[in-house]
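Spelled out from the first residue to the last, the chains are:
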Amino acid sequence: MKRKLLNVVLCVAVTASMLAGCGSSNPQDATVKEAPEEAPEIQEDETVQQAPEESAAYNIGYTCPTLNNPFFVGMMEGAQKAAQERGITLTMLGGDNDVTKQVQQVEDFISQGMDAIVIQAVDTTGIVTAVTQANDAGIPVLTTAETPTGGDILCAISFDSYESGFNGGTYIAQTLGEKGKIIELQGVMGQETSREKSRGFAEAIADYPDMEILASQPADYDRAKAMSVMENMLQTFDEIDAVYAANDEMALGAAQAIEAMGKSSEIFVMGNDGTDEALEAVSEGMLGATNGTPGYIQGYIAIDIAVRHLNGESVPKVINEKNTVIDKTNLDQADKILKAVSEEDWYWLDQF
Amino acid sequence: MDKRRFWMIARKYATFVILCIIVIVMFFLTDRFFTFNNLSNVGRQISMNAILSVGMTMVIISGGIDLSVGSIVAMSSIVCASILTSTGQIIPAVAAALATGLGIGLINGILIAKTGIAPFIITLSSSSICSGMVLVVTMARPIPLSHDGFKQLGQGSLWILPYPFLLMIIIFVMFAALMNKTKFGRYVYAIGGNEKASIVAGIQVVRIKTVVYSLCGLLASLTGVVYTARLSSGVPSIGEGYEMQAITAAVIGGASLSGGRGGIWGTLIGAIIIGVLNNALNLLQVNSYYQNIVTGIVVLAAVLFDRFIQTRVSSEG
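All of these numbers come straight from a predicted model, not from anything done at the bench.

Basis of the calculations
Residues numbered from 1 in each chain as written. Chains lettered and ligands numbered in written order. Predicted model: local features only at pLDDT ≥ 70, side-chain atom pairs only at ≥ 80, totals over all residues. Helix = DSSP H or I, 4+ residues; strand = E, 2+ residues; numbered from the N terminus. Rg over C-alpha atoms; globule rule 2.2 N^0.38 Å. Buried ≥ 20, exposed ≤ 12 C-beta atoms within 10 Å, placed from the backbone. Contact = placed C-beta atoms within 7 Å. Pairing = 2+ DSSP bridges. Axes fitted to C-alpha atoms, helices over the stretch in contact; angles between N-to-C directions. pLDDT = per-residue confidence, 0-100. Parallel < 35°, antiparallel > 145°, perpendicular 65-115°, else oblique. Left-handed = near helix turned anticlockwise from the far one by under 90°. Nonpolar A, V, L, I, M, F, W, Y, C, P; charged D, E, K, R; others polar. Core = buried A, V, L, I, M, F, W, Y, C linked by C-beta atoms within 7 Å.

**So, the overall build of chain B**
Then, in step 1: Tallying secondary structure elements over chain B gives 13 helices and four strands in all.
Then, in step 2: Over its C-alpha trace chain B gives a radius of gyration of 20 Å, about what one expects of a compact globule, namely 20 Å for 317 residues.
Then, in step 3: Principal-axis analysis of the C-alpha atoms places the extent of chain B at approximately 65 × 55 × 35 Å.
Then, in step 4: Across the 317 residues that make up chain B, the buried fraction comes to 54%.
Then, in step 5: Nonlocal contacts in chain B, meaning residues at least 24 apart in sequence, comprise 80% of its contacts between residues at least 6 apart.

Next comes the structure, spelled out in structure tokens:
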């Protein structure tokens, strides 16, 4: 009996220590902390609060749609870089592409007493309830990418999706000598950014009378889906000059399908985002170009603006991020362009 | 106290002990956990998954599985939101949403009970059909709501108790009574334990199974209604993977996927463990990647712990 009791106690202890271990060791790996243990005390100390210079230890929570996607991983790295430079504590969470999970995460941020919350919403309507809760708690909310349809947003940081699409269309038209037939691979049906990219793309092409969009098909920003859509397109149309994909994942999928058909030299493929894999594909010639919308800089800007606000600076309601097309000509500069966050690169300050 | 009785009691409270451990550990790790605000948050967060898990538990006890609940959540959310937008009336909107879930559950149940095809396949197909229909109807666009009264259902609270939480308590009391105190409940356990013997014993297996899946669908649509109120919009993309969370809650709560074993109250503890753990990891600022690992380990530990005690019960017996 005694020994069995001991067994139970041991079992309990193991579980407990497992949990305790997670609590104490993970934050160091997972979140950026200047002073992990002292952080809460510093806030309560009035003398420190009176001098909210660089030294103030803020807590910022950031929730994004998922952390399984290179774009968001880049965004996380950029945000962490900004947090590290400014000595603040950043908690970055992925929402598994589920808006209800994101709502919970924001609620938890509020319970935690975060100083600011950054949201990149899976669904701009569903997230509104979380934004208003943060508003009620007096916590400033910043957003990256699509703006929620309600609630008070301190600052909305985003790429102009229309401009991304327009850039892509224009670049392809000029590369093809203003004449050719294009397949467009759209993102997720009904999603605002997808719609806007597609609209920008179509309007850019409309400026060139000899350019024709053969088909516009959604492939959900997914590489495998894009690959099968492209396979079907290659069966349907004999003559395709270019493919415009609304993100790099789809562009890579399409390029793979094209390569399998042995048509790589005939069809120009352009993506959007500027992921590492896409850049490599550009250098290998599999992709013609990609419209860089660097997540790294996006994450960096979000934290930068949040800290500026917490330090008492007034910040603009909207920040427009810059697109940059990356092709063979500026490929060697790509890493610099897509991760340009040193002080002279803070272009967003011009929008203050 | 004799040994067997000790282990019987231990088995009954095993998951509860694990929950207590998590809570105590949280107490020492952060002072943010035991605040009114946070506890009411957790209460609201767990209630949806908990309601969903009640139906799943019944299905699992009956020896089946229902993979369509996530899609039913999305579909009833859309039905509820679109009727609410067009009529402005809460009652017809909620009634239509519940009828949707009940209907899909009924079809699932009839197909499973009459054909004998594996529940896994039937519900997987109906799940796919439902989520496809949701996308066709909405074009993947959410339906925003501006009905303040309806919003309260998901976001309001009575004193410090959020409405979804109260709803969850009512559902649990009702279904615990149904499963533990009625003939119907005993039949569900009997069917899951040994279907052939149940038929021989004269239990109307087809009817009972159909009712079980219908109730599961009904509870899934109720979950969808609460989500709709909470998000103040009908969102086509919700529901994905919710069936797995419901299954996890049931299994932590002691349900056996081979049927015949499990309990409504155990499932409640299971759902609370999942919810508290998610909340705790967020409060402790644990990165999302690590959260998955920790959640997996805790689920595994809970199930192993339960199994360990169960073998004690049998060996001491």
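Back to the text.
**Examining the overall build of chain A**
Then, in step 1: The secondary structure content of chain A amounts to 13 helices and 12 strands.
Then, in step 2: Relative to its full complement of 352 residues, chain A shows a buried share of 50%.
Then, in step 3: For chain A, the share of sequence-separated contacts (at least 6 apart) that also reach a separation of at least 24 residues comes to 71%.

**Points about the sheet that holds strand 3 (residues 116–119) of chain A**
Residue and element names in this part refer to chain A.
Then, in step 1: Spatially, six strands are ordered 2-1-3-4-5-11 in an open sheet, and the strand pairing comes out parallel. Sheet topology places strand 2 (89–94) and strand 11 (318–321) at the edges, where each strand pairs with a single neighbour. Going across the sheet, the axis of each strand differs from the next one's by a mean of 15°, ignoring polarity.
Then, in step 2: Across four bridges, strand 5 (residues 155–159) lies against strand 11 in parallel orientation. Counterpart to Phe159 in the pairing with strand 11 is Glu321.
Then, in step 3: Strands in contact with helix 5 (residues 99–112) are strand 1 (59–64), strand 2 and strand 3; relative to strand 1, the strand with the most contacts, it is inclined by about 175°.

**What to know about the confidence of the model for chain A**
All names here are of chain A.
Then, in step 1: With 84% of its residues at a pLDDT of 70 or more, chain A shows a mean pLDDT of 84.
Then, in step 2: In this model, residues 1–6 is a region of pLDDT below 50 whose contacts with residues beyond four sequence positions or in other chains number two contacts.
Then, in step 3: Between residues 8–55, whose pLDDT stays under 50, and residues either more than four places distant or in other chains, the model counts 58 contacts.

**A few points about the packing of helix 2 (residues 36–61) of chain B against helix 7 (residues 163–181) of chain B**
For any two helices packed against each other, one specifies the inter-axial angle together with the distance between the axes.
Residues and elements named next belong to chain B.
Then, in step 1: Running from N to C, helix 2 and helix 7 point in directions that differ by 20°, and their axes come no closer than 8 Å. Relative to helix 7, the element helix 2 is oriented roughly parallel. Handedness of the crossing formed by helix 2 with helix 7: left-handed. Residues Gly43, Arg44, Ser47, Met48, Ala50, Ile51, Val54 and Met58 of helix 2 touch helix 7, and the partners they reach there are Pro164, Phe165, Leu167, Met168, Ile171, Phe172, Phe175 and Met179.
Then, in step 2: In terms of residue class, the contact of helix 2 with helix 7 is made up of 13 nonpolar, two polar and one charged.

**As for the sheet that holds strand 7 (residues 211–218) of chain A**
Residues and elements named next belong to chain A.
Then, in step 1: Pairing is mixed in the open sheet, where six strands are placed in the order 7-6-8-9-10-12. The sheet terminates laterally at strand 7 and strand 12 (324–327), the two strands that pair on one side only. When the angles between neighbouring strand axes are averaged without regard to direction, this sheet yields 20°.
Then, in step 2: Pairing of strand 6 (residues 180–186) with strand 8 (residues 242–245), which is carried by four bridges, proceeds in the parallel orientation. Along strand 8, the bridge assignment pairs Leu185 with Ala245.
Then, in step 3: Against the sheet, helix 7 (residues 161–175) contacts strand 6, strand 7, strand 8, strand 9 (268–273), strand 10 (289–292) and strand 12, and its axis sits at roughly 160° relative to strand 9.
Then, in step 4: Helix 8 (residues 192–206) rests against strand 6, strand 7 and strand 8 of the sheet, and its axis sits at about 170° to strand 6.

**Some words on the confidence of the model for chain B**
Then, in step 1: Chain-level statistics for chain B give a pLDDT mean of 91 and a share of 99% at 70 or above.
Then, in step 2: Scoring the predicted complex yields pTM 0.77 and, for the interface, ipTM 0.78.

**Concerning the interface of chain B and chain A**
Then, in step 1: Listed per partner, the contact involves 46 residues of chain B and 43 residues of chain A.
Then, in step 2: Broken down by secondary-structure element, the contributors of at least two residues to the side of chain B that touches chain A are helix 1 (3–29), helix 2, helix 10 (205–231), helix 12 (264–283) and helix 13 (288–316) of chain B.
Then, in step 3: No other element matches helix 13 of chain B, which puts nine residues into the side of chain B that touches chain A.
Then, in step 4: In terms of residue class, the side of chain B that touches chain A is made up of 25 nonpolar, 15 polar and six charged.

**Quick look at the packing of helix 4 (residues 70–86) of chain A against helix 12 (residues 295–310) of chain A**
Residues and elements named next belong to chain A.
Then, in step 1: Between helix 4 and helix 12, whose axes approach to 6 Å, the crossing angle comes to 35°. Handedness of the crossing formed by helix 4 with helix 12: right-handed. Packed against helix 4, whose contacting residues are Phe71, Phe72, Gly74, Met75, Met76, Glu77, Gly78, Ala79, Lys81, Ala82, Ala83 and Arg86, the element helix 12 presents Gly295, Tyr296, Ile297, Gln298, Gly299, Tyr300, Ala302, Ile303, Asp304 and Val307 at the interface.
Then, in step 2: Of the residues assigned to the contact of helix 4 with helix 12, the class counts are 13 nonpolar, five polar and four charged.

**Things to note about unusual backbone geometry**
Then, in step 1: Not every positive phi belongs to a glycine, and A:Ala145 is a case in point at roughly 60°.
Then, in step 2: The phi dihedral of B:Gln285 falls on the positive side, at around 60°, and the residue is not glycine.
Then, in step 3: Judged by C-beta crowding, with 25 C-beta atoms within 10 Å, B:Gln285 ranks as buried.

**Details of helix 6 (residues 128–136) of chain A**
Then, in step 1: Turning to helix 6 of chain A, its buried residues number three or more, namely A:Val128, A:Thr129, A:Ala130, A:Val131, A:Gln133 and A:Ala134.
Then, in step 2: With its phi angle positive at about 75°, A:Gly138 sits one or two positions after the end of helix 6 of chain A.

**Description of the environment of B:Gly263**
Residue and element names in this part refer to chain B.
Then, in step 1: Among the secondary structure elements, Gly263 is positioned in the loop between helix 11 (242–252) and helix 12.
Then, in step 2: Through-space distance from the C-alpha of Gly263 to that of Val54 is 8.9 Å; in sequence the pair is 209 residues apart.
Then, in step 3: Those residues in contact with Gly263, other than ones at most four positions away along the chain, are Gly253 and Gly254.

**Quick look at the nonpolar core**
Then, in step 1: Judged by nonpolar contacts, the single largest core of 189 residues is most densely connected at A:Ala79, A:Val243 and A:Ala254.
Then, in step 2: Ranked by the residues each element gives to this core, the list is headed by helix 10 of chain B, at 15 residues.
Then, in step 3: Ignoring sequence-local partners within four residues, the contact set of A:Ala79 consists of A:Tyr62, A:Leu90, A:Met92, A:Gly299, A:Tyr300, A:Ala302 and A:Ile303.

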